[in-house]
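Residue-level listing of the chains:
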Amino acid sequence: MTKGTACLLAILALTGCAHETTSGRHVEFWTMALKPTFTGYIQSTLAAFEKQHPGVTVTWVDVPGSAIEDKTISAVSSGTSPDLVNLNPDFSQRLGSKGALLDLTASLSADVKARYFPSALEATSLDGKIIGIPWYLSTQVSIVNRALWRKAGLDRVPTDYRGLAALAPRLKAIGAVPVLPNLGDSIHLLELLAMDGVPLLTPDRRHPAFDTPVGRKSFRFWVGLFTSGTLPKEALSLDHREIIDRFMSGQSAVLGSGPQFLKTIRDNAPQLYKDLDVGPQVGGTSGRVGVSVMNLVIPTICNDPQDALDLALFITNGENQLAFCKLAGILPSVKSAAADPFFQTLGATASIEDRARKVASTQLLRSALLVPPMPHQNDLKRAMNEAFQRAALGQQSADEALKQAAADWERILASP
Amino acid sequence: MKRLSQQSPWAPFLFLAPAGAILSLFWFLPAIMAVFASFAQVNLGSSRHFFGQFKWIGLDNYVAMAHDPLFYKSLLNSWIYLIGVVPPLVVLPLILAILVNRPNRAMGPFRVAYYLPVVIPIVVVGLVWKWLYAENGLVNFVGQSLFPWLLRHPLPWLSLPETALGAVMVVTVWKGLGYYMMIYLAGLQAIPRDIYESADLDGASPLQQHRYLTLPYMVPSMGLVAIISCINALKAFAEIWVLTKGGPLDASTTTVYYLYQQAFENLNMGYASALGMVLFAMTLVFSFLNKGYGDRAAMA
């Protein structure tokens, strides 16, 4: 939808002409970048839903990943929102905090809630209310450029960042860095702190809890990687896509990413793809492993919340999730699907994707939501990232920057 | 048979109606909504009706803006950006236009080459320049080769608060050169050739000819370019979005970018609309200048 269309819809909403179905029940379902790869799967799933729910028709709209937030904002503000949308939890939290998403807590029975991994359900919650249904999950695996590893004369890939950082001089000698963390504009810094066992908020979630000896030690470690030149300062502003680009161009030896991005490497760097290895997620001192969640949310102003919820539960049931996981390098959010032998069985000719899937699914059982939903999450994330940048660029010491971040968090958390 | 315009006094309005309707729908109405939104807290999606999402809070957004240090920083960045971008965009395209303004077919490829950045999608521009600005990129390589005394270590141009905004300005100038060059070319080709021939006969050197003939003739075009580039500089967003996302440490956050952050990242539509009103006022000044300048040029 263009800006122009969004304006048009806004005006239609103003004049009381918001879209209404003329006959029957209708659910408009938006997904994120699933066409054309998964067109067949989605269409057959929706057809099965329509068959099970006579009288309900589903319109599927696939939106590019880079546009889904803007388009969702346009749609909900103009009163023409879809009935079910695939969003990431971060954006869902922001929309939910404005009252734009339905609270599903009372609509889900205890049995239904028990189907999902608790960490996945927690990721789709806001202030204790469930505002989305977890769809698919991903845990990071370590994708290793074996050629660089051999060239540096290295053997095993460490499973923690400190071990990896210790190898930096040998990789630097061949013009590479061990790993590029995603510190651009993401929540990853908070996840890195959580991986070191740093609590972010007090149990009552009203005050920051990271300015402690453990927190300072972790923060100093990451700042030190930049001030010592182990990692280039430009890594401070790289996003995930750029980090994959750098990995594909041989600038970093290890890529921390979901297994689904192996396809990106296969398509764009086929030579590199042939010489890759995968291992468990590189972690921190606590051994905690993070999980990423994609969810399905229902806007407050949708036409038929019950049909939208039925569709969300149908799409995320064990059978449908398992079928989807077999097509994409993702993991299911329901326990029954994750228990399927598919995730643990490797054939004699297992591809790197198969091995990555096994690594990821093994991790899933001990994974946790490293950064639970927080009030004003965007502002908190921004304050921490800026504190980190100040320290990494030498404008403040690591301890001063962390103290400043704690003061900023205190102020943000106190705001209404 | 009488013409339509002679038949009815409403005829001109009939012809203007389609454009008027489109402008009203896509520009004026959203602008009026933004005025209302600037006095409200907008809870997106909380109601099916647009104004149902508004909670009227009077001047609170403007009061918050007056106490927001990031607003002042973004305002300062906008003006630094404007001052850094406009002079090169007035001077450099003129030099290029003079260079390619020759009745020579060999100039064609040069004109195309200079205009090419204008039509390259901004996302591609961002990708290319990010690689150029990388620590092991071409900018550092050339800089260290030519000025080793100045550039002792490769710099992460887009990741340092001291260099990020300047690096974005360079891209803006590079991308805009061709567009403004075309405006100058149109102006140059309107200068009568015979005055150059007379000057040649009088013994004026090429440099003197440009100093005393070309420049005075080009003053109207230069004024136009200055005003258009000022307006565009105030509205600059895409370059910042693809290169720095306003960082590091808000060093390249301009008012437009801050507005975007508030609207689409923090979902503070009311506050973003208030920022938009400030931006509107600034742009309006230059628009009036542009109109006044155009009127004077038309009368001359």
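Definitions and cut-offs
Residues numbered from 1 in each chain as written. Chains lettered and ligands numbered in written order. Predicted model: local features only at pLDDT ≥ 70, side-chain atom pairs only at ≥ 80, totals over all residues. Helix = DSSP H or I, 4+ residues; strand = E, 2+ residues; numbered from the N terminus. Rg over C-alpha atoms; globule rule 2.2 N^0.38 Å. Buried ≥ 20, exposed ≤ 12 C-beta atoms within 10 Å, placed from the backbone. Contact = placed C-beta atoms within 7 Å. Pairing = 2+ DSSP bridges. Axes fitted to C-alpha atoms, helices over the stretch in contact; angles between N-to-C directions. Domains from an automatic or database assignment. Nonpolar A, V, L, I, M, F, W, Y, C, P; charged D, E, K, R; others polar. Expected span 1.5 Å × (residues − 1). Arc of directions from axis to C-beta.

Some thoughts on the overall build of chain A
Link 1 in the chain: The helix and strand inventory of chain A stands at 20 helices and 14 strands.
Link 2 in the chain: In terms of overall dimensions, chain A is globule-like: its C-alpha atoms have a radius of gyration of 22 Å, near the 22 Å expected for 416 residues.
Link 3 in the chain: Dimensions of chain A along its principal axes, counting C-alpha atoms only, are 70 × 55 × 45 Å.
Link 4 in the chain: Expressed as a percentage of the 416 residues in chain A, the buried residues total 47%.
Link 5 in the chain: The long-range fraction of contacts in chain A, counting pairs at least 24 apart against all pairs at least 6 apart in sequence, stands at 74%.

Some details on the sheet that holds strand β3 (residues 84–87) of chain A
Residues and elements named next belong to chain A.
Link 1 in the chain: Spatially, β2-β1-β3-β12-β6-β13 is the arrangement adopted by the 6 strands of the open sheet, whose pairing is mixed. In this open sheet, the two strands that pair with only one neighbour each are β2 (56–63) and β13 (331–332).
Link 2 in the chain: Where β3 and strand β12 (residues 292–297) come together, 3 bridges link them in antiparallel fashion. Paired with Val85 across the strands is Val297, a residue of β12.

Things to note about the pairing of β3(A)
Residues and elements named next belong to chain A.
Link 1 in the chain: Both faces of β3 are covered, namely the face carrying Leu84 and Asn86 and the face carrying Val85 and Leu87.
Link 2 in the chain: As paired elements, strand β1 (residues 25–32) and β3 share 2 bridges and run parallel to each other. In the sheet register, Phe29 faces β3, and the bridge partner there is Leu84.

Examining helix α3 (residues 68–77) of chain A
All names here are of chain A.
Link 1 in the chain: When you tally the buried positions in α3, you get 8 out of 10 residues, the bulk of the element.
Link 2 in the chain: Along α3, the positions that sit buried rather than exposed are Ile68, Glu69, Thr72, Ile73, Ser74, Ala75, Val76 and Ser77.
Link 3 in the chain: Gly79 sits one or two residues past α3 and shows a positive phi near 75°.

Here's the deal with the sheet that holds strand β10 (residues 276–279) of chain A
Residues and elements named next belong to chain A.
Link 1 in the chain: The strand order β8-β9-β7-β10 describes an open sheet built from 4 strands, whose pairing is mixed. The open sheet has two edge strands, β8 (177–179) and β10, and neither has a second partner. Direction aside, neighbouring strands of the sheet carry axes that sit 20° apart on average.
Link 2 in the chain: Relative to strand β9 (residues 252–257), β8 is paired through 2 bridges, and the arrangement is parallel.

Considerations on the domain arrangement of chain A
Residue and element names in this part refer to chain A.
Link 1 in the chain: When cut into domains, chain A gives domain 1 (3–135 + 294–353) and domain 2 (141–290 + 370–414).
Link 2 in the chain: Each of domain 1 and domain 2 was reduced to a C-alpha centroid, and the two centroids are 30 Å apart.
Link 3 in the chain: The interface of domain 1 with domain 2 comprises 12 residues on the first partner and 11 residues on the second.
Link 4 in the chain: Elements that contribute at least two residues to the side of domain 1 that touches domain 2 include exactly α4 (89–97), β4 (125–126) and α18 (352–364).
Link 5 in the chain: Top element by residues in the side of domain 1 that touches domain 2 is α4. It accounts for 4 residues.
Link 6 in the chain: Residues that form the side of domain 1 that touches domain 2 fall into these classes: 5 nonpolar, 3 polar and 4 charged.

Here we look at unusual backbone geometry
Link 1 in the chain: With an omega of -5°, the peptide bond running from A:Lys35 to A:Pro36 counts as cis.
Link 2 in the chain: One non-glycine residue, B:Leu249, lies in positive phi territory at about 55°.
Link 3 in the chain: Take B:Leu249: there are 19 C-beta atoms within 10 Å of it, and that puts it in the partly exposed class.

Quick look at the interface of chain A and chain B
Link 1 in the chain: The interface is formed by 35 residues belonging to chain A together with 28 residues belonging to chain B.
Link 2 in the chain: Elements that contribute at least two residues to the side of chain A that touches chain B include exactly α1 (3–14), α3, α4 and α19 (377–392) of chain A.
Link 3 in the chain: Ranked by the residues each element gives to the side of chain A that touches chain B, the list is headed by α1(A), at 7 residues.
Link 4 in the chain: The residue makeup of the side of chain A that touches chain B, split by class, is 16 nonpolar, 10 polar and 9 charged.

Details of α18(A)
Residue and element names in this part refer to chain A.
Link 1 in the chain: Look at α18: 18 Å from first C-alpha to last across 13 residues, which is about the 18 Å you get at 1.5 Å a residue.
Link 2 in the chain: Buried residues of α18: Ala356, Arg357, Ala360, Ser361 and Leu364, and no others. Considered in projection along α18, the buried side chains sweep an arc of 125° and stay on one side of the axis.

Some words on the pairing of strand β7 (residues 141–145) of chain A
All names here are of chain A.
Link 1 in the chain: Here β7 lies mainly inside the structure; 5 of its 5 residues are buried.
Link 2 in the chain: Judged by which residues are buried, β7 turns out to be covered on both faces: Val141, Ile143 and Asn145 on one side and Ser142 and Val144 on the other are all buried.
Link 3 in the chain: The pairing of β7 with β9 spans 4 bridges and is antiparallel. Looking across to β9, one finds that Val141 is bridged to Ser257.
Link 4 in the chain: Bridge analysis of β7 against β10 gives 4 bridges, and the strand direction is antiparallel. Across the sheet, residue Ile143 finds its bridge partner in β10, namely Val278.

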